[in-house]
Amino acid sequence: MADLPEHLQEEARSLGRTLTGPGGVESFAQVQRKAASLLKGGEIGIDFTKGDRFETLGAAALFNKRVTEANDVAALARDAATEVERAGFETRRAALLDEATRLYTSISKSGTEAGRNLSARKAIANLSNVPAHWEYEALKVAQRPLADTETATIRQLLDENKRAEMLSYIGTLRPTTATQKAISAWKAFLLTNPVTHIANVSSNTLFAMTEEVASNPAAFADWLATKLIGGERTVTMTSRAILKASAEGAVKGLKDVPDALRGLPTGRALELGEIPRETQYGHPLLTTLFNSPFRALSVADHPFVESAVRGSLARQATILAKAEGAGKARIAELIAHPTDDMVGRALQDAAVRTFRDETPIGNLLHKAQEQFPIAGNIVMPFTRTPGAVATRFAEYTPYGFAKSARLYRQAVKESIDNLPSPLLKQRAAETFGRAATGLAPVALGALLYRTGRASGQTDKGDQSARATGYLLGVPDNAIQIGGNWVEFNRLGPLGMLVSLGAVMAQQAERAGGDPLGATSGAVFGAARVVTDQPFLTGVESLLQAREGEDAAGRYLANLSGSLVPSIVGATQRAGDPVLREAHTAGEKMQSRIPGQAGKLPVRSDQLGRPAQRFGPGAQNLFSPVRVTPDRVSGDPILEEIRATGAVIPALKPHDAEPPADFAVRSRTTGQAVADAVGRLVQDPRYRGLAPVERKDLLENTVTRVRQRETQRLRGRPERPVRPSLGQTLGRPTRP
């Protein structure tokens, strides 16, 4: 009570004396029951040790009174004659709810800010099942006076005890501008590909497994920190009880799927009275259609969120039971009936495990998006999840050790009663566990690269090297399994860590023993691993667009292609294994539409063959990883290009060259190159050269053939192309 303003303390004392019966004498149990009744539920904990029990009873009654007053003011605000009056009532209502929250926080049992805040929100929601409260909330959402039919609908749903439907209905009153509708619809188009949702489930599953592994070194770090700096234990090793609770949570999350697909709030959102924030399109069918991809993503996350919540509750219960010297029965009791403090921490843990927590990276992206609403949403359609994924990835790298040390220092600095902050201590231990666990996949990636089983990265600015990789069918950030190159980079932090290991080994190789060069290369490589994620490719593309007018034109053309729903483009790619010549905005859109893409010329590779796309076939619709069959084995030309490390740049169109003409030139020139290089690699004299000499001769042959082929197509006389092997060997070439 001492933490309350004086006027609230005095009012609580006065009210408490009034409520304690004749003579002010009641038993402790009677007072406790009265206070619990006033707060609409004995499950909401009250700490009677924080002050005189009669003062606490008064504070509970005053809390109830403030919420009731806030509901009454909500009714006045709803019926206000002018906007000025409504603003005055709104200010008064906010002040009343603020006092209610402070009163509840003062007497709550919950030990952390998160737990106390959760308790207060639950209590206020439980006391707000009156029409005036929700009519006022609807008024704020709609930003206009409510129609009689809307008020009647809210009252009817409340009378029928359909709280979820009532919250969903209020959400439909939210006004939406044409720009917001357009941006939201475009984002929905981006999320229509089934692969997006399958990859989301796969990534969450792998990350949940990785987090369970990381909890073991985290528990060791927490044990050691407790010994060294004191405080309570905050992390424990994975146990059967924890795994069981996590599985039960996943099952519970699956039960919420039908309601979530309908756009209804479920679980904690329903309990706390959270109003959905879906974009409204003016017609129920359109609203459902364009919001379905977002609902599908949310539904897929439900089992993982509930699993993480239950798992966290089980961990906390295990720690508390051990501290009490209790056994399994006490653990089960705490899991079944957790305190709000436990639930508040579990919700925070679940946000971290499902990439929903706020991070500095995510906040930075969000601020940039707010600063430039249209351009920001186009370049960075999503901000919170990308920021969380990038943060978790960083924590699994060696950087996590440094972050863990910083958090431990902060925990000691912000100590309470000379004991480190439990939440900071927990986050420090978890970060250490992630960094320790991440060493294994990073080492695996490095080993795979050194044995030629991982591809590493090509320079973003080196278009020739990237084109050569495409010719050979070797994507960046891929590992070789059997006869295929498999891209795991998009399976969340675990796949990104394997890619990072390969990049670090590649940079060390390029640096040639220079520690500074290897380190800087690894840092930039790690940034590339992150920006190669689908959710950040827009940022990278925009940065590349600054390189010149041509690059900007390509960026805008590619952007126009994203106007075609991704499921349509994926269907086209699944049925068409070759790339098409598409340069203008219209051609980019056409290349993504089944039945229309076939009218565009087939793109030819550097050897005049149809250019094959990475990851062909139905995997474009169903596979969370992209698998590209090996193109090199059995092809003597490609085998020689790979063996020598030759770089074969892609042919580029001339200024204003029509796509059809370029397609013909690209095919015929490539075929001439393939013919010349094919004869070259079969020549015994060529085979006797050193690898560096073979590489130079091969690249020079490609350049010379292209020059002669260009002259031929322009109508100039030219002679048959032969590789200049004799010049390389220092003797005349055979005629």
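Residues numbered from 1 in each chain as written. Predicted model: local features only at pLDDT ≥ 70, side-chain atom pairs only at ≥ 80, totals over all residues. Heavy atoms only, no water.

A. Seen up close, the confidence of the model for the protein. Averaged over all residues, the pLDDT of the protein is 81; the fraction at 70 or higher stands at 83%. Under a pLDDT of 50 for its full length, residues 40-44 has, in the predicted model, 9 contacts with residues more than four places off or in other chains. When the criterion is pLDDT under 50, residues 542-549 qualifies, and its contacts beyond four places in sequence or with other chains add up to 7 contacts. (pLDDT = per-residue confidence, 0-100. Contact = heavy atoms within 4.5 Å.)

B. Representation of the side chain of Arg434. Tracing the backbone through its elements, the reader meets Arg434 in helix H21 (residues 422-450). Excluding anything up to four places from it in sequence, Arg434 contacts Glu211, Ala214, Val352, Arg392, Glu395 and Tyr396. (Helix = DSSP H or I, 4+ residues; strand = E, 2+ residues; numbered from the N terminus.)

C. Expanded view of the sheet that holds strand E3 (residues 626-629). Sheet architecture is open: 3 strands sit in the order E1-E2-E3, paired in antiparallel fashion. What marks the edges here is a single partner per strand, and that holds for strand E1 (479-481) and E3. Taking the axes of each pair of neighbouring strands and ignoring which way they run, one obtains an average angle of 35 degrees across the sheet. Pairing of strand E2 (residues 484-487) with E3, which is carried by 4 bridges, proceeds in the antiparallel orientation. What sits directly across from Val486, in E3, is Val627. (Pairing = 2+ DSSP bridges. Axes fitted to C-alpha atoms, helices over the stretch in contact; angles between N-to-C directions.)

D. Layout of helix H27 (residues 566-575). Along H27, the residues classified as buried are Ser566, Gly569, Ala570 and Gln572. With its buried residues spanning 160 degrees around the axis, H27 presents them on a single face. In the core, the buried residues of H27 are packed alongside helix H9 (178-190) and helix H29 (619-622). (Buried < 20%, exposed > 50% of the residue type's maximum accessible area, 1.4 Å probe, protein only. Arc of directions from axis to C-beta.)

E. Seen up close, unusual backbone geometry. Here Phe355, not a glycine, exhibits a phi torsion of approximately 60 degrees, which is positive. Examined against the element boundaries, Phe355 turns out to sit in the loop between helix H16 (340-353) and helix H17 (360-371). For Phe355, a relative accessible area of 4% translates into the label buried. You will see that Asn477, though not glycine, has its phi angle at about 55 degrees, which is positive. Looking at where Asn477 falls in the secondary structure, it is placed in the loop between helix H22 (463-472) and E1. Residue Asn477 is classed as buried on the basis of its relative accessible area of 7%.

F. View of the environment of Arg277. For Arg277, the location among the structural elements is in the loop between helix H13 (267-271) and helix H14 (284-324). Each C-alpha atom, one on Arg277 and one on Ser168, is 9.0 Å from the other, the two residues being 109 residues apart in sequence.

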